[in-house]
Amino acid sequence: MSLHDDAVGVLRTYDGQDELRGVYLEHLAARPDGMWKSCEAGHVTASALVIDPERGRVLLTLHKKLGMWLQMGGHCEPGDESLAAAALREATEESGIPGLALLPGGPVQLDRHAIPAPCNWHLDVQYAALAPVGAVEEISEESLDLRWFAYDEVAAVADGSVVRLLERTRAVLPARVSG
């Protein structure tokens, strides 16, 4: 199965955000290259919020190009077998934490945001990743900084998309971890 096919399957079964989910599916139906950075009409990206529920905190990266505190994530690569694999790869690379595990049940949220030319949109499929006990982060070359924030600190440092991702992750966390 191609990454494009996997993305279509994930989005078809994603429960919620129907209008936005439709935009993603229409984009992929019209654009066979819609998974790749080279697609200037926009492209699907994969990200993951690294969360440590035992300590009530999340790990954010100070993005080098954007200068914003964000979840880990980025462009899909030809070697990615699935959107989930792409999100986990990005989270592991950018956090430096081995042993991250995506919350079961698929994506937590979708977020479409404008990006600078020559591309137009990132169609981000957002997951959540549990940090293992005793996780130690290591900054990557893609970040200016990497820092743990308590849940109640996130709104003061990050934009609304990250705040919504954290809220949605916290809402689904108990059901997905125990179920």
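Calculation notes
All residue numbers here refer to positions counted from 1 along the written sequence of the relevant chain. Whole-chain, interface and lining totals are the exception, using all residues; otherwise, since this is a predicted model, local features are given only for residues with pLDDT of at least 70 and side-chain atom pairs are given and counted only at 80 or more. Only hydrogens and water are removed before side-chain values are computed, so all heavy atoms of the structure are retained for them. Each residue is assigned to one of three classes by its accessible area relative to the maximum for its type, calculated with a 1.4 Å probe on protein chains only: buried under 20%, partly exposed between the two thresholds, exposed over 50%. A run of H or I in DSSP counts as a helix once it spans at least four residues, and a run of E counts as a strand once it spans at least two, with each numbered from the N terminus. We call two strands paired when DSSP finds no fewer than two bridges between them. Take the buried residues of types Ala, Val, Leu, Ile, Met, Phe, Trp, Tyr and Cys, join any two whose side-chain atoms come within 4.5 Å, and each joined set is a nonpolar core. Residue contacts are defined here by distance: any two heavy atoms, one from each residue, within 4.5 Å place the two residues in contact. Between N-to-C directions, angles cover 0 to 180 degrees, with each direction set by a line fitted to C-alpha atoms, over the stretch in contact for helices. In what follows, roughly perpendicular refers to angles from 65 to 115 degrees, roughly parallel to angles under 35, roughly antiparallel to angles over 145, and oblique to any angle outside these ranges. Left-handed describes a crossing whose near helix is turned anticlockwise from the far helix through less than a right angle; right-handed describes the clockwise counterpart. Amino acids outside the nonpolar list (Ala, Val, Leu, Ile, Met, Phe, Trp, Tyr, Cys, Pro) and the charged list (Asp, Glu, Lys, Arg) are all regarded as polar, and Gly is one of them. Each polar contact in these results corresponds to two N or O atoms within 3.5 Å; when the atoms are within protein, one needs to be able to donate a hydrogen and the other to accept it, and residues that are neighboring in sequence are counted only if both atoms are side-chain atoms.

Chemist: Please set out the pairing of strand β1 (residues 43–52) residue by residue, giving values where relevant.
Modeler: Of all 10 residues making up β1, 10 are buried, and the element is well covered by its neighbours. Along β1, one buried face is formed by His43, Thr45, Ser47, Leu49 and Ile51 and the opposite face, lined by Val44, Ala46, Ala48, Val50 and Asp52, is buried too. Where β1 and strand β7 (residues 121–130) come together, 9 bridges link them in parallel fashion. Counted as the bridge partner of Val44 is Leu123 from β7. Relative to strand β4 (residues 72–75), β1 runs antiparallel, the two sharing 4 bridges. Residue Ala46 lies in a different strand from β4, and its bridge partner there is Gly74. Strand direction decides the pairing type here: β1 and strand β2 (residues 57–63), joined by 3 bridges, are antiparallel. If you follow Ile51 over to β2, its bridge partner there is Val58. Count of turn residues in the β1/β2 antiparallel hairpin: 4 residues, of which Gly56 carries a positive phi of about 60°.

Chemist: Break down the nonpolar core for me, citing the residues and quoting the values.
Modeler: Met35, Val50, Leu83 and Val125 are the most contacted members of the largest nonpolar core, which totals 32 residues. Secondary structure elements with two or more residues in this core: α1 (3–13), α2 (18–30), β1, α3 (83–95), β7 and β8 (143–150). The leading source of residues in this core is α1, at 5 residues. Look past the residues within four positions of Leu83 in its chain and what remains in contact with it is Leu3, Asp6, Ala7, Val10, Met35, Val44, Ala46, Cys76, Val125 and Tyr127. One finds Leu103, Tyr151, Val163 and Leu173 within the second-largest nonpolar core, a separate group that totals 20 residues.

Chemist: Describe the packing of α1 against α2, with residues and values.
Modeler: It is the contact of α1 with α2, at a shortest axis distance of 10 Å, that shows an interaxial angle of 155°. By the criterion of interaxial angle, the relationship of α1 to α2 is roughly antiparallel. The handedness of the crossing between α1 and α2 comes out as left-handed. For the pair α1 and α2, contact is made by His4, Ala7, Val8, Leu11 and Arg12 and by Arg21, Tyr24, Leu25 and Leu28, respectively. Broken down by class, the residue content of the contact of α1 with α2 amounts to 6 nonpolar, 1 polar and 2 charged.

Chemist: Pulling in residues and values, what's your account of the side chain of Ser82?
Modeler: Locating Ser82 in the fold gives a position in the loop between β4 and α3. On the basis of relative accessible area, Ser82 is assigned to the buried category, the value being 18%. A polar contact is formed between the side chain of Ser82 and the backbone nitrogen of Ala85, at a distance of 2.9 Å. Filtering out sequence-adjacent residues up to four positions away, Ser82 remains in contact with Leu3 and Asp6.

Chemist: Please provide a residue-by-residue account of the side chain of Gln126, values included.
Modeler: Examined against the element boundaries, Gln126 turns out to sit in strand β7. We classify Gln126 as buried; its relative accessible area is 1%. Side chain to side chain, Gln126 and Asp124 meet in a polar contact 3.1 Å long. Residues in contact with Gln126, not counting those within four places in the same chain, are Ser47, Gln71, Pro107, Val108, Gln109, Leu110, Asp111 and Leu165.

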